[in-house]
Amino acid sequence: MERGRGALGPALELVHTGRAPTRAVLTSELGVTRATAGAVAAELEALGLIQVDARPGAPAGSQGRPSHRLFVAPDGPVVLAAQIHADGFRAALVGLGGRMVATAPGCMTVPSDPSHIIDAVVEAGAGLLRETGRRCLGAGLAVPSAVAEPEGTALNPLHLSWPAGAPVRTLFTEALAKAGVPGLGSAAVGITGNDVNLAALAEHRHGAGRGAKHLLCVATGHRGVGGALVLDGKLHSGSSGLALEVGHLTVNPAGLPCHCGSRGCLDVEADPLAFLTAAGREPGPEGSLLQQSRDLIRSEYGDPSVRAAAELLIDRLGLGIAGLVNILNPDRVILGGLHRELLDADPERLRAVVADRSLWGRSGSVPILPCGLDHNSLIGAAEAAWQPVLDDPLAVLG
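What you see is a predicted model; the values in this text were computed from it and never measured.

Undergrad: Could you give an account of the pairing of strand E10 (residues 214–220), with specific residues and numbers?
TA: For E10, the buried fraction is high: six of the seven residues fall into the buried class. Pairing analysis gives seven bridges linking E10 to strand E11 (residues 225–231), with the strands arranged antiparallel. The residue of E11 that forms the bridge with Leu215 is Val230. Counted between consecutive antiparallel strands, the loop separating E10 from E11 contains four residues, among which Gly224 sits at a positive phi close to 80 degrees. Bridge count between E10 and strand E13 (residues 332–336): five bridges; the pairing is parallel.

Undergrad: Let's hear about unusual backbone geometry: which residues, and what values?
TA: Residue Pro150 follows Glu149 across a cis peptide bond; omega there is 5 degrees. Summarising the element assignment, Pro150 is placed in the loop between strand E7 (147–148) and strand E8 (153–154). The phi torsion at Asp232 lies on the positive side, around 50 degrees, for a residue other than glycine. Tracing the sequence through the fold places Asp232 in the loop between E11 and strand E12 (234–235).

Undergrad: Summarise the pattern of salt bridges; cite the residues concerned and give the values.
TA: Considering all chains together, one arrives at 16 salt bridges under this definition. A salt bridge links Asp53 to Arg69, with the shortest nitrogen-to-oxygen separation between them at 2.5 Å. Here Asp53, found in the loop between strand E1 (50–52) and strand E2 (70–72), pairs with Arg69, found in the loop between E1 and E2; they are 16 residues apart in sequence, far enough to count as distant. By relative accessible area, which is 19% here, Asp53 ends up buried. On the accessibility criterion, Arg69 (39% relative accessible area) is partly exposed. For Glu149, the salt bridge is made with Arg169, and the minimal N-O distance between the two is 2.8 Å. Separated by 20 residues along the polypeptide, Glu149 in the loop between E7 and E8 and Arg169 in helix H6 (residues 168–179) bring together distant segments of the chain.

Undergrad: Describe the environment of Gly255, listing the residues and the values that go with them.
TA: Tracing the chain through its elements places Gly255 in the loop between E12 and helix H8 (266–269). Taking relative accessible area as the criterion, Gly255 reaches 8% and is therefore assigned buried. Sequence spacing of Gly255 and Glu269 is 14 residues, and the spatial spacing of their C-alpha atoms is 7.4 Å. Those residues within four positions of Gly255 in sequence are excluded, and the remaining contacts are Arg263, Gly264 and Glu269.

Undergrad: Give me the nonpolar core: which residues, what numbers.
TA: Residues Leu12, Leu26, Leu44, Leu49, Ile50 and Trp386 are the most contacted members of the largest nonpolar core, which totals 40 residues. In terms of residues, this core owes the most to one element, helix H15 (residues 376–391), which gives nine residues. Apart from the residues within four sequence positions on either side, Ile50 is in contact with Leu12, Val15, Ala41, Leu44, Glu45, Phe71, Val72 and Ala73.

Undergrad: Can you explain helix H10 (residues 289–300)? Please cite residues and give values.
TA: For H10, spanning 12 residues, the distance from its first C-alpha to its last is 16 Å, which sits close to the expected 16 Å at 1.5 Å a residue. The set of residues buried in H10 consists of Leu289, Leu290, Gln292, Ser293, Arg294, Leu296 and Ile297. Check the buried side of H10 and you find it contacts E10, helix H9 (272–278), helix H11 (304–328) and helix H12 (338–345).

Undergrad: Before we move on, could you go through the sheet that holds E12 and cite the residues and values that matter?
TA: Two strands in a sheet stick together by hydrogen bonds in their backbones, pointing the same way (parallel) or opposite ways (antiparallel). Pairing is mixed across the open sheet formed by five strands, whose spatial order is E12-E11-E10-E13-E14. Looking at which strands have only one partner, the edges of the open sheet turn out to be E12 and strand E14 (368–370).

Undergrad: Got a sec to walk through the packing of helix H2 (residues 8–16) against helix H4 (residues 34–46)? Specific residues and values, please.
TA: Where H2 contacts H4, the two axes come as close as 10 Å, and the packing angle between them is 75 degrees. It follows from the interaxial angle that H2 and H4 lie roughly perpendicular. Judged by residue contacts, Leu8, Ala11 and Leu12 of H2 engage Val40, Glu43 and Leu44 from H4.

Undergrad: Any details on the sheet that holds strand E6 (residues 136–143)? Residues and values, ideally.
TA: The strand order across the open sheet built from five strands is E5-E4-E3-E6-E9, with neighbouring strands paired in mixed fashion. Every other strand in the sheet has two partners, leaving strand E5 (100–107) and strand E9 (191–194) as the edge strands with one partner each. Direction aside, neighbouring strands of the sheet carry axes that sit 15 degrees apart on average. As paired strands, E6 and E9 are joined by four bridges and run parallel to one another. The residue bridging Gly140 from the neighbouring strand is Ile191, located in E9. Contacts between helix H5 (residues 114–132) and the sheet are confined to strand E3 (78–85), strand E4 (88–95), E5 and E6, with E4 contributing the most and set at about 35 degrees to the helix. Together, E3, E4, E5, E6 and E9 form the strand contacts of H15, whose direction differs from that of E3 by roughly 140 degrees.

Undergrad: Let's hear about the side chain of His222: which residues, and what values?
TA: Summarising the element assignment, His222 is placed in the loop between E10 and E11. Here Ser288 takes part through its side chain, which lies 3.4 Å from a polar atom of the side chain of His222. Residues contacting His222, with those up to four places away along its chain left out, are His85, Ala86, Asp87, Pro272, Ser288, Leu289 and Leu290.

Reading the values: the criteria
Residues numbered from 1 in each chain as written. Predicted model: local features only at pLDDT ≥ 70, side-chain atom pairs only at ≥ 80, totals over all residues. Heavy atoms only, no water. Buried < 20%, exposed > 50% of the residue type's maximum accessible area, 1.4 Å probe, protein only. Helix = DSSP H or I, 4+ residues; strand = E, 2+ residues; numbered from the N terminus. Pairing = 2+ DSSP bridges. Salt bridge = Lys/Arg side-chain N within 4 Å of Asp/Glu carboxyl O. Contact = heavy atoms within 4.5 Å. Core = buried A, V, L, I, M, F, W, Y, C linked by side-chain atoms within 4.5 Å. Expected span 1.5 Å × (residues − 1). Axes fitted to C-alpha atoms, helices over the stretch in contact; angles between N-to-C directions. Parallel < 35°, antiparallel > 145°, perpendicular 65-115°, else oblique. Polar contact = N/O pair within 3.5 Å; in protein donor to acceptor, adjacent residues only side chain to side chain.

Listed below in structure tokens is the structure:
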């Protein structure tokens, strides 16, 4: 019995990530008896987290005993996920399996006092919970800054007007209590993290990073460039949460001054503003810089100035990725934001730059893939909020 209880978390994670579609697979993955796997699945179903198909079935043409199929409970509990970026925020309710149940975007000028926008995004999420009536088990927030651990402070919100060291976790927790988020109670602790770190976690569990052992993610946000590394399913965040600040790799020594004090960093040489500037386009008043850049690539890639700008950024990005590949030796690289669009526009050019500059590129280049999830930072914030449930379902729900 104790072994079965200890298997609840691992079993839930297997169903959550789609790695145990049937009870037979669950039995094999957990290394337990069929009876124990059945009891574990039944307990998770009783907790309202999964559904067990009452009638065992097997795909046509398969051999062996049919097995009960396992699903995430479609009307089960959710977590509140929130993301703040340079142009506003987005709140969402996310169920197990990374499924977005409801979402509420909000556009606003991000004020210098972070509490105002954190209060706004939490209130938007609380409104979604009131509208849907779903049970909420946690809350996670993604921010465009390195987040120091264990304090939960945003150390370098370079593209926001927040002060360095803003206590975002404390502010998020206070906002949850003030908003009276249904189901969380006044003692709930909000979980916070860097947006690209959380995006990488989401992609590893539900997107283009599934199955990778050493996953490197490089992505643009609405401004700037970030990176993350997932090792054996766990985010590598360094000794204090500040690892993989890849935006401050120098790719053009004679380039633009960077917010960090250096010159020619990826952050200013390969982000949406850099692309619009290289293409000779003034940023418009409507839509984020990221969306404007995406639209320009998709609709005007045949324009020589747009193509030249894309090639320039691909070359800079390739230099940065090659350096990271040499240092980290990942088995997969995924690209998000504007970098995903650049990869789609000219995949061979980017892969050639990385292969030419990386030590092992010519003997077996690392796969470079586009991120696969929409709103992956938001889904990643939800993953962080789900983690206590995945670790010990009974402790949270029992």
